[in-house]
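# Fold and geometry: a report
So you can see what is in the structure, the chains are spelled out below.
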Amino acid sequence: FSSCLLFPSQHKDAYQAILDGVKGGTKEKRLAAQFIPKFFKHFPELADSAINAQLDLCEDEDVSIRRQAIKELPQFATGDNLPRVADILTQLLQSDDSAEFNLVNNALLSIFKMDAKGTLGGLFSQILQGEDIVRERAIKFLSTKLKTLPEEVMTKEVEEFILTESKKVLEDVTGEEFVLFMKILSGLKSLQTVSGRQQLVELVAEQADLEQTFNPSDPDCVDRLLQCTRQAVPLFSKNVHSTKFVTYFCEHVLPNLGSLTTPVEGLDIQLEVLKLLAEMSSFCGDMEKLESNLKKLFDKLLEYMPLPPEEAENGENAGNEEPKLQFSYVECLLYSFHQLGRKLPDFLTAKLNAEKLKDFKIRLQYFARGLQVYIRQLRLALQGKTGEALKTEENKIKVVALKITNNINVLIKDLFHIPPSYKSTVTLSWKPVQKADASQKRASEDTTSSSPPKKASAGPKRDARQIYNPPSGKYSSNLGSFSYEQRGGFRGGRGRGWGGRGNRSRGRIY
């Protein structure tokens, strides 16, 4: 066939014979799988026939023939053919043969380096219109492979194309797909600036549907809000504000905290909401209804800050049970109140009447007394323990419990000042301690708008946060009542759009 290179037009019949080889036996097919791509560029008038013939080989019953045919597909990715080849390779991602699947991945990466936008066109075409299995694997391909491509491939123009196409997909996604697309988009260099993070926050807010009425009894509605908020939290900073989310939580979620439902089994949904609110409160900007929302937060805090039980004349408990001190809940609410209170420092002194303030201080004092007992018990339990001893499940929980109680202690001391102070800084018990240089680095990122955002290391690790539920009663010495829960994963089996995707065509659409 070397003469074909010199006189291709004279050998059209010979090339046609090669194409016809796909209908022959195993030997003919193996030869065709090699020679069809080898001489493809010399017979442009037979391009469609050649590609179709190669596709037949990609679906052959003989696995070795299929693998050979798939391996050679990038040779057909020339000019206008490239998007079509990308579309074909994307469909082939549905293969359950690991070797085939790897060949498809490698072939896609190969043509990505030839024409990134053309390849993306094929991938997004299948994500929007293809079979569910193809859609799922195409999204996972993007979420795992894009970050491996060099800068000369991932140009600004290519990243803009990814953002544009992703917005189309985000109009109709499942929760898991949404998380994957946020991973894809947040990894784009052009979106790792302040303005880029702001764009992502707006995307999340749109997905969370913050303009709609919140329905606490609808598990999907609650799940959607929480999943979206989790994606937004790592994006917030002093220059990318969480105001819209914090406002929504204060106005719509806190008043319905007790009636929230969740599709995630075993999840303490109330605590989950309070933790997210606490994380966001640090980055809340100017809020329109600050006093009103601070009042809602204050009222919710009071629910978890009990009054001391009444005492009988002999000084003993009058028979009432000791209130259960919900330290994990109080840490979140007190921290959120402390953060927002900075914006309205006279709230406790000027916005509350004297009786209300007196009542609050009695609650704070009672809680602080119980707090000191627990702190002493925890320190005693952990005294002298280092290294491996602190890594046992029980001791890890006690360490978290000590963080929670210490945090609450610091915040209560602040509020006992006259007038109340909002100057102390604490690190939430489930978050890693921030080093000074790390916060300075983030500040620098926000100022220059050119460096990647500091991701909350809370990503996957936040999925197994340890929660401290102290024993009932302020003087209990029972330290065996520690418990923790794992944050639930995504809910599977739902349709797109957090509801249902429309019917789409099925079958091969090469």
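Numbering of residues begins from 1 in every chain and follows the order in which that chain's sequence is written. Thresholds applied to this predicted model are a pLDDT of at least 70 for local features of residues and 80 or more for the giving and counting of side-chain atom pairs; totals over whole chains, interfaces and linings are not thresholded and use all residues. Hydrogens and waters are ignored; side-chain quantities use all the structure's heavy atoms.

## Notes on the overall build of the protein
Counting its secondary structure elements, the protein contains 21 helices and 0 strands. Per-residue accessibility, obtained with a 1.4 Å probe over protein chains only, is compared with the maximum for each type, and a residue is labelled buried under 20%, exposed over 50%, and partly exposed between these values. Here the protein holds 510 residues, and 50% of them are scored as buried. Working note: accessible area of the protein is about 24,300 Å², and carbon and sulfur atoms make up 49% of it. Labels follow the DSSP assignment, with helices taken as runs of H or I lasting at least four residues and strands as runs of E lasting at least two, numbered in each case from the N terminus. Working definition of accessibility: Shrake-Rupley area with a 1.4 Å probe, residue cover restricted to the visible protein chains.

## Concerning the pattern of salt bridges
When a carboxyl oxygen of Asp or Glu lies within 4 Å of a side-chain nitrogen of Lys or Arg, that pair is called a salt bridge. Counting across every chain of the model gives 19 salt bridges. Put simply, Arg137 and Asp96 hold a salt bridge, and the shortest N to O gap is 3.2 Å. Pair noted here: Arg137 is in helix H8 (residues 132–145) and Asp96 is in the loop between helix H5 (82–92) and helix H6 (98–112), with a separation of 41 residues, a long-range link. As a salt-bridge pair, Lys351 and Glu291 come within 3.7 Å of each other at their nearest N and O atoms. With Lys351 in helix H17 (residues 347–351) and Glu291 in helix H15 (residues 290–303), this residue pair connects regions lying 60 residues apart in the sequence. Glu291 sits in the partly exposed class, given a relative accessible area of 40%.

## Some thoughts on a negative patch on the surface
Where like charges cluster on the molecular surface, the negative patch consists of Glu171, Glu206, Asp209 and Glu211. Topologically, Glu171 is positioned in the loop between helix H9 (156–169) and helix H10 (175–186). For patch building, the residue pool is restricted to those with more than 30% relative accessible area and no salt bridge; the joining distance is 9 Å between like charges and 5 Å between nonpolar side chains (Val, Leu, Ile, Met, Phe, Trp, Tyr). Only four residue types enter the charge count, namely Lys and Arg as positive and Asp and Glu as negative; His and the chain termini do not. Charged side chains are reduced to one point each, which is NZ for Lys, CZ for Arg, CG for Asp and CD for Glu.

## Thoughts on the environment of Leu225
Here Leu225 is to be found in helix H12 (residues 219–232). Residue classification places Leu225 among the buried residues on the basis of a relative accessible area of 3%. In this structure, the C-alpha to C-alpha distance between Leu225 and Ala208, residues 17 residues apart in sequence, is 5.4 Å. What makes two residues a contact is simply this: any of their non-hydrogen atoms within 4.5 Å. Among residues more than four places away in sequence, those in contact with Leu225 are Ala208, Leu210, Phe214, Tyr248, Phe249 and Val253.

## Overview of the packing of H6 against H8
For any two helices packed against each other, one specifies the crossing angle of their axes together with the interaxial distance. Axes here mean lines fitted to C-alpha atoms, for a helix over just the part in contact, with angles spanning 0 to 180 degrees between N-to-C directions. For the pair H6 and H8, the least separation of the axes is 12 Å and the interaxial angle reads 60 degrees. By the angle class used here, H6 and H8 are oblique. You can see that H6 and H8 cross each other, and the crossing is right-handed. Taking contact as the criterion, the partners of Phe101, Asn105, Leu108, Leu109 and Phe112 in H6 are, on H8, Arg137, Phe141 and Lys145. Three classes are used: nonpolar for Ala, Val, Leu, Ile, Met, Phe, Trp, Tyr, Cys and Pro, charged for Asp, Glu, Lys and Arg, and polar for all others, with Gly counted as polar. Class assignment of the residues belonging to the contact of H6 with H8 gives a composition of 5 nonpolar, 1 polar and 2 charged. Each angle gets one of four labels, with under 35 degrees taken as roughly parallel, over 145 as roughly antiparallel, 65 to 115 as roughly perpendicular, and the rest as oblique. By convention, the crossing between two helices is left-handed when the near helix turns anticlockwise from the far helix through less than a right angle, and right-handed when the turn is clockwise.

## Some points on the packing of H15 against helix H16 (residues 327–341)
At a closest axis distance of 10 Å, the pairing of H15 and H16 adopts a crossing angle of 155 degrees. Relative to H16, H15 is oriented roughly antiparallel. The way H15 lies across H16 gives a crossing that is left-handed. Within the contact between the two elements, H15 uses Leu290, Leu294, Leu297, Phe298, Lys300 and Leu301 and H16 uses Val330, Leu333, Leu334, Ser336, Phe337, Leu340 and Gly341. Partitioned by chemical class, the residues of the contact of H15 with H16 number 10 nonpolar, 2 polar and 1 charged.

## Some points on the packing of aromatic side chains
Whether two aromatic rings pair depends on their centres lying within 6.5 Å, for rings of Phe, Tyr and Trp, where Trp uses its six-membered ring; planes under 30 degrees apart make the pair stacked, over 60 edge-to-face, and the rest tilted. Scanning the entire structure with this criterion turns up 14 aromatic pairs. Plain terms: the ring middles of Phe298 and Phe347 are 5.8 Å apart, the flat faces sit at 70 degrees to each other, and that makes the pair edge-to-face. A residue pair is termed long-range when its members are at least 10 positions apart, and Phe298 in helix H15 and Phe347 in helix H17 qualify at 49 residues. For the pair Phe298 and Phe347, a shared accessibility class is recorded, and that class is buried. When the ring of Phe327 is compared with that of Tyr374, the centres are 5.0 Å apart and the planes differ by 80 degrees; the resulting orientation is edge-to-face. Of the two residues, Phe327 sits in helix H16 while Tyr374 sits in helix H18 (residues 354–382), which places them 47 residues apart along the sequence. On the accessibility criterion, Phe327 (0% relative accessible area) is buried. Given a relative accessible area of 0%, Tyr374 falls into the buried group. Taken together, the ring pairs connect Phe298, Phe337, Phe347 and Phe360 into an aromatic cluster.

## As for the nonpolar core
We call a set of buried residues a nonpolar core when its members are Ala, Val, Leu, Ile, Met, Phe, Trp, Tyr or Cys and they connect through side-chain atoms within 4.5 Å of each other. In terms of nonpolar packing, the biggest core is built from 150 residues, with Tyr15, Ile36, Ile162, Phe245, Phe337 and Leu348 touching the most fellow members. No other element matches H18, which puts 11 residues into this core. Beyond its immediate sequence surroundings of up to four residues, Ile36 is in contact with Tyr15, Ile18, Leu19, Val22, Ala50, Ala53, Gln54, Leu57 and Phe76.

## Comments concerning helix H13 (residues 243–253)
Taken across its 11 residues, H13 has 8 buried, putting it largely inside the fold. Within H13, the full set of buried residues consists of Thr243, Phe245, Val246, Thr247, Tyr248, Phe249, Cys250 and Val253. Looking at the buried positions of H13, the neighbouring elements they touch are helix H11 (194–208), H12, helix H14 (269–281), H15 and H16.

## With respect to H18
Under the 1.5 Å per step criterion, the end-to-end length of H18 is 41 Å for 29 residues, consistent within 8% with the ideal 42 Å. Gly384 sits one or two residues past H18 and shows a positive phi near 80 degrees. Residue count minus one, scaled by 1.5 Å, sets the expected span of a helix.

## Re unusual backbone geometry
With an omega of -5 degrees, the peptide bond running from Ile418 to Pro419 counts as cis. Within the secondary structure layout, Pro419 lies in the loop between helix H19 (393–416) and helix H20 (436–448). Look at Asp209: it is not a glycine, yet its phi comes out positive at around 60 degrees. When you line up the elements, Asp209 lands in the loop between H11 and H12. The exposure class assigned to Asp209 is partly exposed, which follows from its relative accessible area of 33%.

## Re the side chain of Arg230
Counting through the fold element by element, Arg230 comes out in helix H12. Looking at Arg230, its side chain comes within polar contact range of the side chain of Glu272, at 3.0 Å. For this analysis, a polar contact is any N or O atom pair within 3.5 Å, provided that within protein one partner can donate a hydrogen and the other can accept it, and provided that sequence-adjacent residues contribute only side-chain to side-chain pairs.

## Quick word on the environment of Asp132
With respect to the helices and strands, the residue Asp132 is situated in helix H8. Judged by its relative accessible area of 38%, Asp132 is partly exposed. Each C-alpha atom, one on Asp132 and one on Gln94, is 9.5 Å from the other, the two residues being 38 residues apart in sequence.

## Focus on the confidence of the model for the protein
As a per-residue measure, pLDDT reflects the predictor's confidence and takes values from 0 up to 100. Averaged over every residue, the pLDDT of the protein is 84; residues scoring 70 or more account for 81%. Between residues 436–497, whose pLDDT stays under 50, and residues either more than four places distant or in other chains, the model counts 148 contacts. Under a pLDDT of 50 for its full length, residues 499–510 has, in the predicted model, 32 contacts with residues more than four places off or in other chains.

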